[in-house]
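A look at the structure
This is what each chain is made of:
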Number of protein chains: 2
Amino acid sequence: MESNNLFETIERVAVDIFSRESLKKRLETGEPLKIKLGADPSRPDLHLGHSVTLRMLRKMQDKGHEIIFVIGDFTGMIGDPSGLNKTRQPLTLEETRSNGQSYFEQVSKILDPAKTRITYNSDWLGKMDFAQVLRLAGKYTLARIMERDDFSNRYASNQPIGLHELFYPLMQGYDSVALNADVEVGGTDQTFNLLVGRELQKDYGKKPQEVITFPLLPGLDGVEKMSKSLDNYIGIDEPPEIMFEKCMKIPDNILPDYFRLTTDIVEDEYANILSHDIRQAHFMYAREIVKIYHGTDAIETAEQRYLAIASGNAPGDMQMISVSGSRAPIIELLKQAGFASSNSDARRLIEGGGIKLDGKTVSDINLIVSCDAIISRGKNRFVKIHIG
Amino acid sequence: MESNNLFETIERVAVDIFSRESLKKRLETGEPLKIKLGADPSRPDLHLGHSVTLRMLRKMQDKGHEIIFVIGDFTGMIGDPSGLNKTRQPLTLEETRSNGQSYFEQVSKILDPAKTRITYNSDWLGKMDFAQVLRLAGKYTLARIMERDDFSNRYASNQPIGLHELFYPLMQGYDSVALNADVEVGGTDQTFNLLVGRELQKDYGKKPQEVITFPLLPGLDGVEKMSKSLDNYIGIDEPPEIMFEKCMKIPDNILPDYFRLTTDIVEDEYANILSHDIRQAHFMYAREIVKIYHGTDAIETAEQRYLAIASGNAPGDMQMISVSGSRAPIIELLKQAGFASSNSDARRLIEGGGIKLDGKTVSDINLIVSCDAIISRGKNRFVKIHIG
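Rules of the game
Residues numbered from 1 in each chain as written. Chains lettered and ligands numbered in written order. Predicted model: local features only at pLDDT ≥ 70, side-chain atom pairs only at ≥ 80, totals over all residues. Heavy atoms only, no water. Helix = DSSP H or I, 4+ residues; strand = E, 2+ residues; numbered from the N terminus. Buried < 20%, exposed > 50% of the residue type's maximum accessible area, 1.4 Å probe, protein only. Axes fitted to C-alpha atoms, helices over the stretch in contact; angles between N-to-C directions. Parallel < 35°, antiparallel > 145°, perpendicular 65-115°, else oblique. Left-handed = near helix turned anticlockwise from the far one by under 90°. Contact = heavy atoms within 4.5 Å. Phe/Tyr/Trp six-rings, centres within 6.5 Å; stacked < 30°, edge-to-face > 60°. Pairing = 2+ DSSP bridges. Arc of directions from axis to C-beta. Buried area = accessible area lost by both parts, 1.4 Å probe. Salt bridge = Lys/Arg side-chain N within 4 Å of Asp/Glu carboxyl O. Polar contact = N/O pair within 3.5 Å; in protein donor to acceptor, adjacent residues only side chain to side chain. Nonpolar A, V, L, I, M, F, W, Y, C, P; charged D, E, K, R; others polar.

Okay, unusual backbone geometry next. Residue and element names in this part refer to chain A. The omega angle of the peptide bond from Phe18 to Ser19 is -10°, so this bond is cis rather than trans. Inspection of the secondary structure assignment puts Ser19 in the loop between strand E1 (16-18) and helix H2 (20-28). A positive phi is found at Asn180, a non-glycine position, where the angle reads about 50°. Position of Asn180 among the secondary structure elements: in the loop between helix H10 (167-179) and strand E5 (183-187). At Asp231, a residue that is not glycine, the phi angle is positive and equals roughly 55°.

The next subject is the environment of Leu307 of chain A. All names here are of chain A. Take Leu307: it is sitting in helix H16 (residues 297-310). For Leu307, a relative accessible area of 23% puts it in the partly exposed group. The sequence separation of Leu307 and Glu241 amounts to 66 residues, and the corresponding C-alpha distance is 10.0 Å.

What follows concerns the packing of helix H12 (residues 240-248) of chain A against H16 of chain A. Residues and elements named next belong to chain A. At a closest axis distance of 8 Å, the pairing of H12 and H16 adopts a crossing angle of 60°. The pairing of H12 with H16 is recorded here as oblique in orientation. Crossing handedness for the pair H12 and H16: right-handed. For the pair formed by H12 and H16, the contact residues are Pro240, Glu241, Phe244, Glu245 and Met248 on the first element and Ala298, Ala302, Glu303, Arg305, Tyr306 and Ile309 on the second.

This brings us to the packing of aromatic side chains. Counted by the stated rule, this structure contains 22 aromatic pairs over all chains. Ring centres of Phe130 of chain A and Phe74 of chain B lie 5.3 Å apart, and the angle between their planes is 55°; on these two criteria the pair is classed as tilted. Taken together, the residues span two chains, with Phe130 of chain A in helix H7 (residues 130-137) and Phe74 of chain B in helix H4 (residues 73-78). Judged by its relative accessible area of 0%, Phe130 of chain A falls in the buried class. Phe74 of chain B sits in the buried class, given a relative accessible area of 5%. Each ring, one from Phe259 of chain B and one from Tyr285 of chain B, has its centre 5.3 Å from the other, and the planes form 75°; the classification is edge-to-face.

Next up on the list: the sheet that holds strand E10 (residues 360-361) of chain B. All names here are of chain B. Spatial ordering of the open sheet is given by E7-E13-E12-E9-E10, a layout of five strands whose pairing is mixed. Each having just a single partner strand, strand E7 (319-323) and E10 make up the two edges of the open sheet. Here five bridges tie E7 to strand E13 (residues 381-387), and the two strands are oriented parallel to one another. Pairing of Ile321 across the sheet is with Ile385, part of E13.

What follows is about H2 of chain A. Residues and elements named next belong to chain A. Within the sequence span of H2, burial applies to Leu23, Arg26 and Leu27. The buried residues of H2 occupy an angular sector of 100° when projected down its axis, which confines them to one face. Turned more than 90 degrees off the buried face of H2, the exposed positions are Glu21 and Lys25. Of the residues trailing H2, Gly30 is marked for its positive phi of about 80°.

Residue and element names in this part refer to chain A. In this structure, Leu46 sits in the loop between strand E2 (34-39) and helix H3 (48-61). For Leu46, a relative accessible area of 2% puts it in the buried group. For the pair Leu46 and Met320, spaced 274 residues apart in the sequence, the C-alpha separation amounts to 41 Å. Contact partners of Leu46, with chain neighbours within four places excluded, come to Leu54, Tyr103, Gln106, Val107, Gly235, Ile236 and Asp237.

Residue and element names in this part refer to chain A. Along the chain, Ile110 turns up in the loop between helix H5 (93-107) and strand E4 (116-120). On the basis of relative accessibility, which here comes to 8%, the residue Ile110 falls in the buried class. Sequence separation between Ile110 and Ile71 is 39 residues; the distance between their C-alpha atoms is 18 Å. In this structure, Ile110 is in contact with Ser51, Leu54, Arg55, Arg58, Ile236 and Tyr293, ignoring residues within four places of it in sequence.

Right, let's get into the sheet that holds strand E5 (residues 183-187) of chain B. All names here are of chain B. Taken together, the six strands give an open sheet; going across it, the order is E1-E6-E5-E2-E3-E4, and neighbouring strands pair in mixed fashion. Edge strands, defined here as strands with exactly one partner in the open sheet, are strand E1 (16-18) and strand E4 (116-120). In this sheet, adjacent strand axes meet at a mean angle of 20° when their direction is disregarded. In this sheet, E4 lies alongside strand E3 (residues 66-71) in parallel orientation, the contact comprising five bridges. Across the sheet, the residue bridging to Ile71 is Tyr120, located in E4. On the sheet, helix H5 (residues 93-107) packs against strand E2 (34-39), E3 and E4 and is oriented at approximately 160° with respect to E4.

Before going further, it helps to examine the interface of chain A and chain B. On the chain B side, the residues contacting the 32 residues of chain A number 32 residues. In total, about 2,800 Å² of surface goes out of reach between chain A and chain B, with carbon and sulfur atoms giving 80% of it. On the surface where chain A and chain B come into contact, there are zero salt bridges. Summed over the shared surface of chain A and chain B, the result is six residue pairs in polar contact (both at pLDDT 80 or more). Counting residues per element, the ones that place at least two in the side of chain A that touches chain B are helix H4 (73-78), H7, helix H8 (142-145) and H10 of chain A. Ranked by residue count, the leading element in the side of chain A that touches chain B is H7 of chain A, at seven residues. For the side of chain A that touches chain B, the class distribution of residues is 24 nonpolar, six polar and two charged.

Next comes the structure, spelled out in structure tokens:
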């Protein structure tokens, strides 16, 4: 087993590892480890943001480790007893089981289902009585729980915190105790909770789990982390053409993160195209994502559909401009199309947000076009570009 | 039923009533009420401090109401899971039951055992599961729990608060929910917890209990509230002679509180003697307390034993001074005994703490002596005083 390589693979993507030395040693023994990942049962739709961690888990599975998903159905079934969070309705047992099954099916697109186990934390939390709850609570002080940013910020700004909420990190941590987890992984926004699990295992006389946090993928808005509720996501279950179209909309500046965190394409391969032809880089990325989630055969159709949709507003009798060679600066194309009278005029148009390439607003005045496309100015002026 | 009178009796002694109007109305209906009082199972030794509330409960019983004691055995059996409080060892079920029985026997000295019920809160709290605990916790926000002085002060001064501790007010409050208490009484240091019970009953859709708080009796040190652990207490189970001796040691300035809060002697009767002869007032109080807890027959022996102990260090062949009339100022007696050469000399001796009356240091330069006593200066000089 190439344990060292797995550690290096993890290290390349991880934000934090607690602790590096201990994780390295445990991977080196070659013993199969129990690797835990928590899942929210109320949001079973997985997107590329989740794939960052799931893809790393797949690499761990491939080295013989077992992945254990914990569906947090226990709190899901309680809802929000304080009524502070009006959108949080209690789920039935059937709903949590059905969401868990859907979760399993979705992660199976990335993980090996044979080495993946789904657990429900109501199985152990639901059996705890008040005395056991108090013993659990007694392991933590208020001050330590309030180190969690979410709590301290809300307390400082006088926003209500239900007393039950203070238990959520403890419950998630207790899951690690109940499962004897060797490793827990999660996004960087989960760091506090993952470390609670590590602490609680010590308090319960167990070997503390290693904690690995992975970066949060920014969403299509380029600002917030990818999330379904913000509608800035690419779902791993979405049809190929939707995936393709969404990939083409990823803001240029975060496309490198998408390559690094959600594909196996090595940096040498994508770095060059990113710096020379951002549009080709988008096509490369979109093709790769469709390949991962729908297979090579789905690429061609998705790309054609994308181009057709992108030029959806264009009239049938568009002017066609042929450019010899393999690439052309957008500035040149705008002049040839008659949209701009000079380089500075072309720059102004781009900077004013009036120019689109295949339906997507052009923001880079140095953009290089290297394949067939439709360029538009405003709502009514279109021109087809043929390269080569 | 003289409900109005009961309300007035309560009102005279109570510090706070939530709410006055509602309590008055409920007493006026004449319906028997369930009146709750919480008890700490780890400290079953009752003292005069407890008697303040117990005597009021007796008056309520006499009007037909039922007294329900809640022995907080649930938390007693858990101990302190955080280990923050090293002196708090878990109690066994047998210990809590035995302490509860001892508690019942002691309160029976004041209460009518036939109208007194002892309950153990493990009966309902021990049956709650984690989901029910979270629902209970969800009724309160962190900010509201932190309104309790104990918590806010400790948090502000960075002293650790175990998360389990935040539950103690909720558990005590839930006891009221489980028992359907109509009224809860307690010392002023319990106000927060009693009001939590009132709030929780509303949250669980029940009629909120009335809350009555009674004053805390200062201990024999005149500073802290009476408590066994501070050794400033008069236990209601102590032998008559010990009671008598301790009563004689009550600081002069708080003796009026002792009369008002722990006896049935009306103010008209004790106010006069307090202002004219504080020593006689102490005797009056000591006799009354011995009568309440041991009966009239025990007074004489206790008083004689007290006088004997008080003069324990005196030699057999003391000088005797007879004073005609019924009362004499201490200053005069000190001069007659040859302990002081002048009024100012006598005052200096008293202020220096060197003069004792029946073994108790004299602090009041205007003290009037109105019965036989032994006065001493320092360790070796004694004189017997005969009045009348």
